[in-house]
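Remarks on the overall topology
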Amino acid sequence: MTLERRRALAVIAAAAAGGAAFLFIGEASGEPTAERIVVAGGDLTEIVFALGLGDRVVGVDQTSTWPPEATSRSQIGYVRRVSPEGILSLAPDLVLVAHDAGPDIAFEQLEAAGVRVARAPEADTADEIAEKIAFVGSSLGRSAEAEQMARQMSDALNEIRAKVATLEGRPPRVLFILSFQSGAPLIGGTETTADRMITLAGGENAGASVSGYKPMSREAIIAAAPDIVLMMSQHAERFGGIETILARPEIALTPAGQAGRAVAMDGMLLLGFGPRTPEAIAELARALHAERAVAAGL
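No experiment lies behind these values; they were computed from the predicted model shown.

1. Thoughts on the overall build of the chain
The number of helices and strands found in the chain is 15 helices and 13 strands. Put simply, the chain has 298 residues, and 51% of those count as buried. Accessible area of the chain: about 13200 Å², with a carbon and sulfur share of 52%.

Structure representation (structure tokens):
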């Protein structure tokens, strides 16, 4: 589809939605930028706001909870179940989407209507956050600013890693519970963001006997002997709170249950792998290691 055709379709779509869409080209860099942005992916939303372009965001998905002002934008639904009609009603000229956002047909329909859709690269490790920042910067005509942000984030990440490396003693065994499925805890095993964050914070994943997010039996959890239970605060509240979870039979008999040790963190901060990840690692390390973390300067 030619650029002229895309622009014409964008104007038609915006008129139908009762608004107007505009596509600008950065004069200095020649990079495309936008005035009305919709974002599907909380990590991408954080980057857009951190680049100083939050005032251009007109719509976000349910995972976009940071910064707080992002929650005042129009909602487009859950990141993997967005509606093209809802997005078109916002008359965007750019839709930034996470690598796993969906359904694909929704974004195909948006592109057919002339809306520019930019899909982020898959970046599920701390070292790949810089790629997401570069992607957003390029999409918004702010590559220079994005490069500086990525550099600062990488420096902070390296500093946190160096401090974690100085922690002494046995790494605490951490069991990440994503939710409960048919009564059984859904555990974060290897090859998950939770596993990577536990390792970055100097812990040992007590769920490493499984890969991905899978249910774990009572016997397996007791045998895993976690020292600490880790959950997203939103999910912990949904299932009755940390004290209720620690009192569950499969948890109460573990060292974590007997000592009453559990950590609840904001889900986007903990698992988002966005620009706040160095902050998330430091917060988790302090929760896991207590006095040892203080001694390490975390």
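Moving on from the model shown.
2. Focus: the packing of aromatic side chains
Scanning the model with the defined rule gives two aromatic pairs in all. Taking 5.0 Å as the distance between ring centres and 65 degrees as the angle between the ring planes, the aromatic pair formed by Phe-180 and Phe-239 counts as edge-to-face. Of the two residues, Phe-180 sits in strand S8 (residues 173-181) while Phe-239 sits in the loop between helix H9 (233-238) and helix H10 (242-246), which places them 59 residues apart along the sequence. Given a relative accessible area of 28%, Phe-239 falls into the partly exposed group.

3. Some points on the packing of helix H7 (residues 193-200) against helix H14 (residues 277-289)
The geometry of H7 relative to H14 is characterised by a closest axis approach of 9 Å and an angle of 65 degrees between their N-to-C directions. Here H7 lies roughly perpendicular to H14, going by the angle between them. For the pair H7 and H14, the sense of crossing is right-handed. Contact residues: Met-197, Ile-198 and Leu-200 in H7; Thr-277, Ala-280, Ile-281 and Leu-284 in H14. In terms of residue class, the contact of H7 with H14 is made up of six nonpolar, one polar and no charged.

4. What to know about the packing of helix H2 (residues 42-50) against helix H5 (residues 129-139)
Close contact between H2 and H5 brings their axes to 10 Å; oriented N to C, the two are set at 60 degrees. Classified by the angle between their axes, H2 and H5 sit oblique to one another. As H2 packs across H5, the resulting crossing turns out to be right-handed. Of the residues in H5, those touching H2 at Asp-43, Leu-44, Ile-47 and Val-48 are Lys-132, Ile-133, Phe-135 and Val-136. Counted by class, the contact of H2 with H5 contains six nonpolar, no polar and two charged residues.

5. Things to note about helix H6 (residues 143-164)
For H6, spanning 22 residues, the distance from its first C-alpha to its last is 31 Å, which sits close to the expected 32 Å at 1.5 Å a residue. Looking only at H6, the buried set comprises Ala-146, Met-149, Ala-150, Met-153, Leu-157, Ile-160 and Val-164. Projected down its long axis, H6 shows its buried positions confined to an angular sector of 100 degrees, all on one face. Of the residues in H6, the exposed ones pointing more than 90 degrees away from the buried face are Ala-144 and Glu-147. Residues of H6 that are buried make contact with H2, H5, H7 and H14.

6. Looking at the pairing of strand S6 (residues 94-97)
Burial along S6 is two-sided: the residues Leu-94 and Leu-96 and Val-95 and Val-97 are all buried. In this sheet, S6 lies alongside strand S3 (residues 37-40) in parallel orientation, the contact comprising four bridges. Within S6, the position partnered with Val-38 by the bridge is Val-95. Examined bridge by bridge, S6 and strand S7 (residues 116-119) share four bridges and lie parallel to one another. Residue Val-97 lies in a different strand from S7, and its bridge partner there is Arg-119. The parallel pair S6 and S7 is bridged by helix H4 (residues 104-112), and the resulting crossover is right-handed.

7. Considerations on the side chain of Glu-250
Here Glu-250 shows up in helix H11 (residues 249-252). At 2.9 Å, the side chain of Glu-250 and the side chain of Arg-248 are in polar contact. Setting aside residues no more than four positions away along its own chain, Glu-250 makes contact with Phe-180, Gly-183, Pro-185, Arg-218, Ile-221 and Ile-222.

8. Overview of H5
Listed in full, the buried residues belonging to H5 are Ile-129, Lys-132, Ile-133, Phe-135, Val-136, Gly-137 and Ser-139. Of the residues one or two after H5, Gly-141 is the one with positive phi, at around 70 degrees.

9. What about the pairing of S8?
Summarising burial for S8: eight of the nine residues are buried, a large majority. Pairing of S8 with strand S10 (residues 204-205), which is carried by two bridges, proceeds in the parallel orientation. Opposite Val-174, over in S10, you have Asn-205 as the bridge partner. Sheet topology places S8 next to strand S12 (residues 228-232); three bridges connect them, and they run parallel. When the bridges of S12 are listed, Val-174 appears paired with Ile-228. Taken together, the four bridges between S8 and strand S9 (residues 184-188) define a ladder with antiparallel strand orientation. What sits directly across from Gln-181, in S9, is Ala-184. Count of turn residues in the S8/S9 antiparallel hairpin: two residues, of which Ser-182 carries a positive phi of about 55 degrees.

Parameters at a glance
Residues numbered from 1 in each chain as written. Predicted model: local features only at pLDDT ≥ 70, side-chain atom pairs only at ≥ 80, totals over all residues. Heavy atoms only, no water. Helix = DSSP H or I, 4+ residues; strand = E, 2+ residues; numbered from the N terminus. Buried < 20%, exposed > 50% of the residue type's maximum accessible area, 1.4 Å probe, protein only. Areas by Shrake-Rupley, 256 points an atom, 1.4 Å probe, with all protein chains shown as cover. Phe/Tyr/Trp six-rings, centres within 6.5 Å; stacked < 30°, edge-to-face > 60°. Axes fitted to C-alpha atoms, helices over the stretch in contact; angles between N-to-C directions. Parallel < 35°, antiparallel > 145°, perpendicular 65-115°, else oblique. Left-handed = near helix turned anticlockwise from the far one by under 90°. Contact = heavy atoms within 4.5 Å. Nonpolar A, V, L, I, M, F, W, Y, C, P; charged D, E, K, R; others polar. Expected span 1.5 Å × (residues − 1). Arc of directions from axis to C-beta. Pairing = 2+ DSSP bridges. Right-handed = clockwise from strand over helix to strand, strands pointing away. Polar contact = N/O pair within 3.5 Å; in protein donor to acceptor, adjacent residues only side chain to side chain.

No statement about biological role is implied by the geometric values presented.
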